[in-house]
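Understanding the architecture of this molecule
Given next are the chains, with one letter for each unit.
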Amino acid sequence: MSLQLTKPKALAYSLPALIAILPFLGACLYIFRFSISGEQSRIDGFSIQPYVDLMTPFFGRSVWLTLRLAFIATVLAMLMAVPLAFLLISLRSAFARRTLTIVILLPLILNLLVQAYGWILLLGPSGVLNSTLRSFGIIERPIFLLFNETGVLLGLVQTSLPLAVFPIVSAVRGISREHLEAASSLGASHWRIFFDVTVPLLRPGLFGAASIVFAFNASAFAIPLLLGGRRVQMMGIAIRDMISPLFNWSGAAAAGMILIFVTMFVMLFAAWLTRLASEKVERQNAR
Amino acid sequence: MTSDTHLHINNVSKRFDTVDALRDIDLKIERGSFVCLLGPSGCGKTTLLRIIAGFEAASKGSLILDGNDISNQPPHKRGFGMVFQSLALFPHMSVARNIGYGLKLRGIKGAAQRDRVEELLEVIQLPHIADRPVSALSGGQRQRVAIARALAIQPPLFLLDEPLSALDAQLRDNMQIELRQLQQKFGVTTVLVTHDQHEAMMLADELVVLKDGAIRQSAPPTQIYNDPADSFVADFLGAANLIDVGAIKGGAVDLFGTPVQSATPHQDGDNILAAVRAEHVGLTPVLSNGKTCVGEISFMRDLGAATEFVVAIQGKDLRVRRSSAEAQGLDIGSKVALTFDPAQVSLFKAV
């Protein structure tokens, strides 16, 4: 008897999950339908007007801002997550490992609102940082770290960090000590081992982590709203503004579809780029 | 014969927290020789190999290679080729790139590298697999590629950590012969770790038997086989009967009726263990039950060339191996007398 689930059995057990996903797919279809509606507030007729109306410099800036902030936040989060993952694995004591795991996981457990207000208390105009600096006479006017792009970036990096760390941890665990020792015995220094063996073996894990973080950041809503104020119009905010004060449902739906496709396009492009890069390395090494 | 020490393991000890993994290991390895570190799991053999490779630092003692102390040299500066238990071939590189990796690090590139890789693939008799990914290779092919990768850099020392343990018996036998031939072809000083006494006997010029972090005996295989230093070595090298023969009197013991003179001095009254190999026990059928030293065959199995017996005698079970011709007429339950050649019996003080 095979211990593995056969395909029909696996399918049967997956049914609840598939059913749970259905409403989401339904919603996507509904939004798509709304985005080509002839009316702004209800689904009626067909028109590409909602998309045409979005072709404005204002919306273009929003798309560009979203991609730019999500990209920078992803790079920063990955740069922080890789050493953190190695640290987590190097810890021998179970207590230290558990403590660090909980600290890293905390942003996933805490409500986003609480985290955002934490940043405001710390870095806001009358927050801990500004009042301390002012009391020492170092500054006269508060430094504005929040309610601008810096604030949004801080928030995005902090909230998405755990999403980056854990896939990298499992990728690092997958590298056997003997692979690293083999490279060492063949004459590779620590840095050579890192670039010749560790990074290539980590690449799929790193790419997976970066994809999750990028998608999470591109679709962020609470963080840009609370830490960016109205000035940082990421797409999530732009979509909400179309719904709430403007009641432009079809426009919001069209903007949502664009967000989905732009994110997917960037991720596919990145996947293609990574493959191209690794193939180029292969070719160079083969020569 | 003049001795030419290549590596001197100078009084090396290793302590992990509270455990002594190695105690005062002192070993001189001859240039070009094939040394097997043999012992049960947990005896410290792998730790010793990892200290030689530089992956572990000795707590005490030093490593002297050609007269130079290399104890503090990192592994990548030592440049010893190593074959790992998992083989550790790089999965993201082709066969050629795996073998060429050490060459690349030494600045050997382009045509020079390609020629050397091709030469090595010829040596391991796999000339057409250069561009294959490692994942497409069979177990034996991976084995050979791992060996080629380690030998490509022309290492001063060639280290192997139970490299054949993952192969099936047939392939392992063939690989042992190939490995030995390769080692002689390259003339490289080799240290191999194994728990398989047969493998160690097949490969080694010098066999080092370890137990509990200490060397129990270090000698050529035949010497260890014929003249084990203690009862552990005799037992571990397999197929030996260890018989408690009681106290020694006048330098001799009584082994089921055969007096055996001790070669090494033992005090009268010392309790003695006698070790004798299954193939060194003689078997003669007896009809009457008159003598006291008569045993009864409790098990026999024809193995083709030889027949293996278990003989119950005076409450002990002895393993006996004779040629199948001698087994004629014998059966389970047959009464037999056992004969011993005193020269082939080793006596140890029981501990």
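These lines cover the structure that appears in this document, whether it is placed above or below. Computed from a prediction, not measured in an experiment: that's the story for all the values here.

1. Regarding the pairing of strand 4 (residues 60-65) of chain B
Residue and element names in this part refer to chain B. The pairing of strand 1 (residues 5-16) with strand 4 spans 5 bridges and is antiparallel. Opposite Ile9, over in strand 4, you have Leu63 as the bridge partner. With 2 bridges joining them, strand 4 and strand 5 (residues 68-69) adopt antiparallel strand pairing. When the bridges of strand 5 are listed, Ile64 appears paired with Asp69.

2. Observations concerning the packing of helix 4 (residues 94-109) of chain A against helix 7 (residues 149-173) of chain A
Residue and element names in this part refer to chain A. With their axes 8 Å apart at the nearest point, helix 4 and helix 7 run at an angle of 120° to one another. The angle between the axes of helix 4 and helix 7 places the two elements in the oblique class. For the element pair helix 4 and helix 7, the recorded crossing hand is left-handed. Contacts between helix 4 and helix 7 involve Ile104, Leu105, Pro107 and Leu108 from the first element and Gln158, Thr159, Leu161, Pro162 and Val165 from the second. Across the contact of helix 4 with helix 7, the residue classes tally to 7 nonpolar, 2 polar and no charged.

3. What about unusual backbone geometry?
For residues other than glycine, phi is negative in most cases, and the peptide bonds are mostly trans. All names here are of chain B. Located in the positive-phi region is Asn11, a residue other than glycine, with phi close to 55°. When you line up the elements, Asn11 lands in strand 1. Overall, Asn11 belongs to the partly exposed group, with 14 C-beta atoms counted inside 10 Å. For Gln154, which is not glycine, the phi torsion reads 45° and is therefore positive. Checked against the element boundaries, Gln154 lands in the loop between helix 5 (139-152) and strand 7 (157-161). What makes Gln154 partly exposed here is the crowd of 14 C-beta atoms within 10 Å.

4. Some remarks on the sheet that holds strand 17 (residues 306-313) of chain B
Hydrogen bonds along the backbone pair up the strands of a sheet, which may run parallel or antiparallel. All names here are of chain B. Strand order in the open sheet formed by 5 strands is 15-19-16-17-18, with antiparallel pairing between adjacent strands. Edge positions in the open sheet fall to strand 15 (281-285) and strand 18 (316-323), since each of these has one partner strand only. Taking each pair of neighbouring strands and ignoring which way they run, the sheet shows an average axis angle of 45°.

5. Notes on the interface of chain B and chain A
Contact residues are listed per partner, giving 20 residues for chain B and 18 residues for chain A. For the side of chain B that touches chain A, the element with the most residues is helix 3 (residues 95-105) of chain B, which contributes 4 residues. The class makeup of the residues in the side of chain B that touches chain A is 11 nonpolar, 7 polar and 2 charged.

6. Notes on the pairing of strand 7 of chain B
Residues and elements named next belong to chain B. By the criterion of burial, strand 7 is predominantly enclosed, with 4 of the 5 residues buried. Summarising the sheet, strand 6 (residues 81-83) and strand 7 pair through 3 bridges and their orientation is parallel. Across the sheet, the residue bridging to Gly81 is Phe158, located in strand 7. Of the pairings in the sheet, the one linking strand 7 to strand 8 (residues 189-194) comprises 5 bridges and is parallel in character. The residue bridging Leu159 from the neighbouring strand is Val191, located in strand 8. Crossover connection from strand 7 via helix 6 (residues 169-186) to parallel strand 8: handedness right-handed.

Each value, and the rule that gives it
Residues numbered from 1 in each chain as written. Chains lettered and ligands numbered in written order. Predicted model: local features only at pLDDT ≥ 70, side-chain atom pairs only at ≥ 80, totals over all residues. Pairing = 2+ DSSP bridges. Helix = DSSP H or I, 4+ residues; strand = E, 2+ residues; numbered from the N terminus. Axes fitted to C-alpha atoms, helices over the stretch in contact; angles between N-to-C directions. Parallel < 35°, antiparallel > 145°, perpendicular 65-115°, else oblique. Left-handed = near helix turned anticlockwise from the far one by under 90°. Contact = placed C-beta atoms within 7 Å. Nonpolar A, V, L, I, M, F, W, Y, C, P; charged D, E, K, R; others polar. Buried ≥ 20, exposed ≤ 12 C-beta atoms within 10 Å, placed from the backbone. Right-handed = clockwise from strand over helix to strand, strands pointing away.

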